[in-house]
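# Examination of the molecular architecture
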Amino acid sequence: EYKIECGTDNDCRTNFSCDKGKCAEKQNTASASIPLFQTENTVVKEINDVSEIKDFLLQESKKQLNADQFKRIVFIDKKSNKEIGLKDFFGAIGVKASDEFFQRLGDYFTFFIYNQSQGNRIGFAVKINDYTGFEAIMKKEELFLEEKYAPFFSLLTADFLQKNKIFKNASAIKSYTGPNFRYKILTNRDVGFYYLPSSQNYFVFTTSWASMEKTIGKLGITENLSK
């Protein structure tokens, strides 16, 4: 049997992990779900508990990426050998959402870090299972998004949140010709709330205008939503 001494998994060859100082072949390793769009990089992180998620994301969000590239992050629960879904992910980082929000969405999602000239931004895309009324749900939640989604921004910086700004339609900007999305700018360095419930059955949330436009293009969303 092929084994060598090791200190960490990095000492072992592909598909082997460090077990009690020896390299042993990994068993029943779960694979990540198919992403909703292709990214330049993918990181699959196996965890023992969802409490590990936030600290890992804090580290990953600070790593340098090549300009204009996406890095997907997937979490696998070692105990169940299953991918962490959207609802458990929200709970792990402290983001709150209503039951009707989760009821209309799939559980597998594509979480990403995107690099733009102002720095890294984060976001996710998920399939909408029931589009009926979903746009209205999000409009209703706008009043609370700044409070509920604040943990997303703590992965970037804690020094910029500005109160008392309202959400607007991207379609109201004459120079913008893509699908309409809702947004609220928080800083002049392109940080804010950006979300799109698409009738092509995608829900996209990002923390910058640039990452929203890039994600829309990656997903092939072409329709214009109502203003």
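The preceding data block contains the structure.
Residues numbered from 1 in each chain as written. Predicted model: local features only at pLDDT ≥ 70, side-chain atom pairs only at ≥ 80, totals over all residues. Heavy atoms only, no water.

This next bit is on the overall build of the protein chain. Of the regular secondary structure elements, the protein chain holds six helices and eleven strands. Of all 227 residues assigned to the protein chain, the portion counted as buried reaches 49%. Intrachain contacts of the protein chain at a sequence separation of at least 6 include 59% that bridge at least 24 residues. (Helix = DSSP H or I, 4+ residues; strand = E, 2+ residues; numbered from the N terminus. Buried < 20%, exposed > 50% of the residue type's maximum accessible area, 1.4 Å probe, protein only. Contact = heavy atoms within 4.5 Å.)

Our focus in this paragraph is the state of the cysteines. The tally for this structure, following the rule as stated, stands at one disulfide. Between the sulfur atoms of Cys12 and its disulfide partner Cys23 the distance amounts to 2.0 Å. Taking the sign of the S-S torsion, -85° for the link of Cys12 and Cys23, the bridge is left-handed. Taken together, the residues Cys12 in the segment before strand E1 (16-19) and Cys23 in strand E2 (residues 22-25) connect sequence positions eleven residues apart. Since its relative accessible area comes to 12%, Cys12 is described here as buried. A relative accessible area of 1% places Cys23 in the buried class. (Disulfide = S-S within 2.5 Å.)

All chains considered together, the criterion is met by ten salt bridges. In this structure, Asp68 engages Lys214 in a salt bridge whose closest nitrogen and oxygen atoms are separated by 3.3 Å. Note that Asp68 is positioned in the loop between helix H1 (53-60) and strand E4 (70-77) and Lys214 in helix H6 (residues 209-219), a separation of 146 residues in sequence. Here the residues in one salt-bridge network are Glu60, Lys63 and Lys71, joined through shared partners. (Salt bridge = Lys/Arg side-chain N within 4 Å of Asp/Glu carboxyl O.)

As a further point, take empty space enclosed by the protein. All told, the structure shown has two cavities of 30 Å³ or more when counted by the stated rule. There is about 40 Å³ of room inside the second largest cavity. Lining of the second largest cavity is provided by Arg72, Ile73, Val74, Phe75, Glu83, Ile84 and Phe109. No other element matches the four residues that E4 contributes to the lining of the second largest cavity. Taken together, the residues that form the lining of the second largest cavity break down as five nonpolar, no polar and two charged. (1 Å grid on protein atoms, 1.4 Å probe; cavity = no way out; pocket = protein on both sides within 12 Å on 5 of 7 lines; lining within 4 Å. Points joined across faces, edges and corners; volume = space filled by probe spheres on them. Nonpolar A, V, L, I, M, F, W, Y, C, P; charged D, E, K, R; others polar.)

Glancing now at the environment of Phe205. Note on placement: Phe205 falls in strand E11 (residues 202-206). Sequence separation between Phe205 and Tyr194 is eleven residues; the distance between their C-alpha atoms is 5.8 Å.

As a further point, take the pairing of E4. In terms of burial, E4 is largely enclosed, as eight of its eight residues are buried. Neither face of E4 is left uncovered, since the one carrying Phe70, Arg72, Val74 and Ile76 and the one carrying Lys71, Ile73, Phe75 and Asp77 both have all their residues buried. Note: strand E3 (residues 41-47) against E4, seven bridges, orientation parallel. For Thr42, the partnering residue across the bridge sits in E4 and is Arg72. (Pairing = 2+ DSSP bridges.)

Remember that the coordinates give geometry; whether it matters functionally is a separate question.
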